[in-house]
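Residues per chain, in single letters:
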Amino acid sequence: MATEQSDSGQDGRSIRRRWEPRIERLRRGWDRYTEHKIGVVGLIILIIYALWSIAPGVFAPHSPDWVAYLGEPPIKSRLTGEQIRSLPHPPAFGDPFFAPFGTNSLGNGVLTLVIYSAQNAMYIGLAAGMLSSLVGVPLGLISGFYGDTWIDEAIQRFVDIMYGLPFLPFLIVLVAIRGITTTNIIIGIAVTSWLNNCITVRGETLSLKERSYVESAKVAGASDTRIIFRHIMPNVLPISFVFLAQDAAGAVIAQASLAYLGLADFTANSWGLMLENIKSTGYVFKAWWWLIPPGIALMLMAASFYFIGFSMEDVTNPQR
Amino acid sequence: MTRISGKYLAKRIVVSYLTLLVIMSLLFVLLRSMPGSFITSMISSGMTAEQIERIRETWGLNEPLWKQYVQFMINYQTGNFGRSPTYNAQVWDLIVRRMPRTLVLFGSTFIIGFIIGPLVGMYLGWWRGSTKDKSIFSTSLLLYSMPSFWISWLFIWVINYELDWLPSAYMFTQFPEFEWTAFTVMRDVLYHIALPVMSLTFIGWVGSMLIMRPTMNQVTDEGYVFLARAKGLSERTVMVKHAARNALIPVATGAVVSLAFLIDGSVIIENVFNWPGMGQIIVSAVLNRDFPVAQAVFFMLALLIVVMRLLTDVVYTYLDPRIKFGEGE
């Protein structure tokens, strides 16, 4: 009994001893991160969007199928001609219904749609960012580690080829081939946006592999795979997180650009689709309450990714 | 002169050429795998199978795919870009007519963006961490996050729709009442280009700023900056003449990379502003399955990017004596 207790006490101490430096390092990183106000602001915005995408019903005043004058579905009556003519309805006091940001031309609440669209943007941003990191980082690592061999040469020529294809038109072709769904838009964005990750990671790897600890790992008999993934990758990960954030921001904007060109997934609510609807119904310069909120929401999401990315860059910059 | 060997240069040119060939093959495969064919728009419901067959025959669609591919590659080597079914014109004429218009829009944005961006980046990098730096930097990141068509809409809404200061579409006045002289045409184009260029540079300058800022910050710790300060030169002289010059080299690389980014921007902007350039036809060509035009425009853009990348590598060796090419890079 007594020995067991002392054993577990030792265990606890040794676990704490093992984990303390890591927690300490994490705390120091967090302190450095919070030095940058924009990083904190970006994180707060992103948390709000995350909450929106997890539980949009809590934050939105209505469901996305809500229609002004008629209320929530199931809708039995129809809009009168006069009511239809008053749509899109600007935000105003004394309305017979409650729509804080006004309504669109179908009578759906703009604020509701903006909140319900956060999910799609979050999904596209994170998925496309992660996918392009998953392609770009390993390729960059391999290319850098085998620098000046045929493997490096082949990967670099492939990057050159991909660079020669202009991003947006190429994306249109890819999306058109596979059909316009959110998944295909994500795949298309990932296929076209991993190049910068690859090149930067390659450059980092080229300088890292000359360090003495890589040499000693090699002398100790570690395999190439082990050196790449155990010794070099941890040092490259911070910079690749920066690129992940930037790719995520780029993906959110790219989705909106695709939607502008008519290549939006019409089955899912998204800010790009809202903007596309304004264009196709011809209210771009007439319904500011419908034009501005989705754009601001999109801008803030992309900006929060950029903010986080650039503060991470400062945190992980070893020179400071 | 001696820093670049002829052998290296020749190798780079051959590799660039091969890259172009691969890009062309990729384009051929990708465009052919899109659903639909470009003769769909020519077929009406009243046509007999024989007529449709004749259309297929005239456009060479009955040949096996590999023959079409070989023909395509041979034609492009000899500068024969074919004929567009939707525009009913030679593709080459179409490109020659539209390329300068895109270059005017593109070039002015590029130049303005690469004057403002590095200048702002220079100041922010020099005074990194100050309140001024933080506020300007976060604002510029906000600008960078805007979708380009949305900001153009806002500009059009305020400047054109509400204030009616500048035109929002086309390159020329549609039915001009003024005399058609060189001066008036130039004024007219400037008048029409103002809004698109404004929208595009509003976002575009941030890209070069983002590259300039960290390199400028690195340069501040260099010995020669310290020396220049110690010599008693003014802060301004040290910043502009000594630090900024060296920080400009990565910006030049970034300029080439951002070429592709600017192409995206101009594709969208040309569509928003009805600018009759290449960006406008590439989208409609892809959507209408007008393969001859789509292939040619993609090819021209790829050519532009590949040649620019080759040129920067070569020009670099003159800018920066530390870079040596051809010795295992």
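Position numbers for residues count from 1 along each chain, tracking the sequence in the order it is written. Lettering for chains starts from A, numbering for ligands starts from 1, and both go in the order in which the items are written. Given that this is a predicted model, residues contribute local features only at a pLDDT of at least 70 and side-chain atom pairs are listed and counted only at 80 or more, while totals for whole chains, interfaces and linings are drawn from all residues. As a convention, hydrogens and water are excluded, and side-chain values are obtained from all of the structure's heavy atoms.

If you look chain B up in an unreviewed UniProt entry, it shows as Peptide/nickel transport system permease protein from Halobaculum gomorrense. Chain B has a UniProt comment under Sequence similarities (unreviewed entry) that states "Belongs to the binding-protein-dependent transport system permease family." UniProt positions are given in the numbering used here, feature names are shortened, and annotations may be inferred rather than shown by experiment. For chain B, the Subcellular location (unreviewed entry) comment in UniProt is given as "Cell membrane".

By the naming in an unreviewed UniProt entry, chain A is Peptide/nickel transport system permease protein, taken from Halobaculum gomorrense. For chain A, the Subcellular location (unreviewed entry) comment in UniProt is given as "Cell membrane".

Chemist: What should I look at first to understand the interface of chain B and chain A in this one?
Modeler: Accessible area lost during the coming together of the parts is what is often quoted as the interface size. Contacts were defined at the residue level, with two residues in contact if any of their heavy atoms lie within 4.5 Å. At the interface, 48 residues of chain B touch 46 residues of chain A. When a carboxyl oxygen of Asp or Glu lies within 4 Å of a side-chain nitrogen of Lys or Arg, that pair is called a salt bridge. Linking chain B to chain A there are one salt bridge. With its nearest N and O atoms 2.9 Å apart, the salt bridge here joins Arg 309 of chain B to Asp 160 of chain A. Definition of a polar contact: a pair of N or O atoms within 3.5 Å, with one able to donate and the other able to accept a hydrogen when the atoms are protein atoms, and with sequence-neighbouring residues admitted only if both atoms are side-chain atoms. Between chain B and chain A we count four residue pairs in polar contact (both at pLDDT 80 or more) in total.

Chemist: Explain the confidence of the model for chain B to me, please; I cannot follow it from the model alone.
Modeler: Should pLDDT be low for a region, the predicted coordinates there are not to be read in detail. For chain B, per-residue confidence averages 82 on the pLDDT scale, and residues scoring 70 or more make up 94% of the total. Complex prediction metrics read pTM 0.87 and ipTM 0.85. Every residue gets a pLDDT, meaning the predictor's confidence in that residue, from 0 to 100.

Chemist: Teacher, can you tell me more about the packing of helix α7 (residues 167–178) of chain A against helix α10 (residues 278–287) of chain B here?
Modeler: Between two packed helices, both the angle of their axes relative to each other and the distance between the axes serve to describe the pair. For helices, the fitted axis covers only the stretch in contact; all axes are lines through C-alpha atoms, and the angles between them, taken along N-to-C directions, range from 0 to 180 degrees. A run of H or I in DSSP counts as a helix once it spans at least four residues, and a run of E counts as a strand once it spans at least two, with each numbered from the N terminus. Look at α7 of chain A against α10 of chain B: their axes get within 10 Å of each other, and the N-to-C directions meet at 10°. Looking at the two axes, α7 of chain A sits roughly parallel to α10 of chain B. Residues Pro 169, Ile 172 and Val 173 of chain A of α7 of chain A form the contact with α10 of chain B, whose participating residues are Ile 282, Val 283, Val 286 and Leu 287 of chain B. Convention used here: angles under 35 degrees read as roughly parallel, angles over 145 as roughly antiparallel, angles from 65 to 115 as roughly perpendicular, and any remaining angle as oblique.

Chemist: Would you mind going over the pattern of salt bridges with me for this structure?
Modeler: Should the charged atoms of two oppositely charged side chains come close, the side chains can pair. One pass over the full model with this rule turns up seven salt bridges over all chains. A salt bridge links Arg 157 of chain A to Glu 153 of chain A, with the shortest nitrogen-to-oxygen separation between them at 2.5 Å. Within this pair, Arg 157 of chain A and its partner Glu 153 of chain A are both found in helix α6 (residues 150–164), separated by four residues, close to a single helical turn. A relative accessible area of 24% places Arg 157 of chain A in the partly exposed class. What makes Glu 153 of chain A partly exposed here is its relative accessible area of 35%. Residues joined by salt bridges that share partners form a network here, namely Glu 153, Arg 157 and Asp 160 of chain A together with Arg 309 of chain B. Here the term buried applies to any residue with accessible area under 20% of the maximum for its type, exposed to any over 50%, and partly exposed to those in between, with areas from a 1.4 Å probe on protein chains only.

Chemist: Can you walk me through the layout of surface pockets in this structure?
Modeler: Any empty space left between atoms is shown by rolling a water-sized probe over those atoms. All names here are of chain B. Each pocket or cavity is described by its volume, and for the second largest pocket that value is around 420 Å³. Cavities and pockets are defined on a 1 Å grid built over the protein atoms alone: a cavity is a set of grid points where a 1.4 Å probe fits but cannot escape, while a pocket is an open set with protein on both sides within 12 Å along at least five of seven lines, and lining residues are those with an atom within 4 Å of any such point. Around the second largest pocket, the lining is made up of 20 residues, and of these Arg 32, Trp 59, Gln 71, Phe 72 and Asn 75 lie nearest the centre. Among the elements of the structure, α1 (6–32), α3 (65–77) and α11 (291–319) are those that each provide at least two residues to the lining of the second largest pocket. It is α3 that contributes the most residues to the lining of the second largest pocket, six residues altogether. When residues are grouped by polarity, Ala, Val, Leu, Ile, Met, Phe, Trp, Tyr, Cys and Pro land in nonpolar, Asp, Glu, Lys and Arg in charged, and all others, Gly among them, in polar. Of the residues contributing to the lining of the second largest pocket, the split by class is nine nonpolar, seven polar and four charged. Grid points are joined across faces, edges and corners, and a volume is the space filled by probe spheres set on the points.

Chemist: Explain the UniProt feature "domain: ABC transmembrane type-1" (unreviewed entry) in chain A to me, please; I cannot follow it from the model alone.
Modeler: Within this structure's numbering, the places UniProt gives as "domain: ABC transmembrane type-1" (unreviewed entry) are residues 118–309 of chain A. Helix makes up 83% of residues 118–309 of chain A and strand 0%, and the two end C-alpha atoms of the span are 20 Å apart.

Chemist: In this structure, what is going on with unusual backbone geometry? I would like to understand it.
Modeler: A negative phi holds for most residues other than glycine; trans holds for most peptide bonds. Going from Pro 73 of chain A to Pro 74 of chain A, the amide bond is cis rather than trans, its omega being 0°. For the bond running from Leu 87 of chain A to Pro 88 of chain A, omega is -10°, close enough to zero to count as cis. Relative to the elements of secondary structure, Pro 88 of chain A occurs in the loop between α4 (81–85) and α5 (110–145). Here Asn 274 of chain B, not a glycine, exhibits a phi torsion of approximately 55°, which is positive. Position of Asn 274 of chain B relative to the elements: it lies in the loop between α9 (235–272) and α10. When its relative accessible area of 31% is taken as the criterion, Asn 274 of chain B is described as partly exposed.

Chemist: Honestly, the UniProt feature "transmembrane region" (unreviewed entry) in chain A in this entry has me stumped. Any pointers?
Modeler: All names here are of chain A. In the numbering used here, UniProt assigns the "transmembrane region" (unreviewed entry) feature to residues 38–59, 97–116, 123–147, 236–263 and 287–310. The span residues 123–147 carries 92% helix and 0% strand; its end-to-end C-alpha distance comes to 35 Å. Counted over residues 236–263, helix gives 89% and strand 0%. Its end C-alpha atoms are 35 Å apart.

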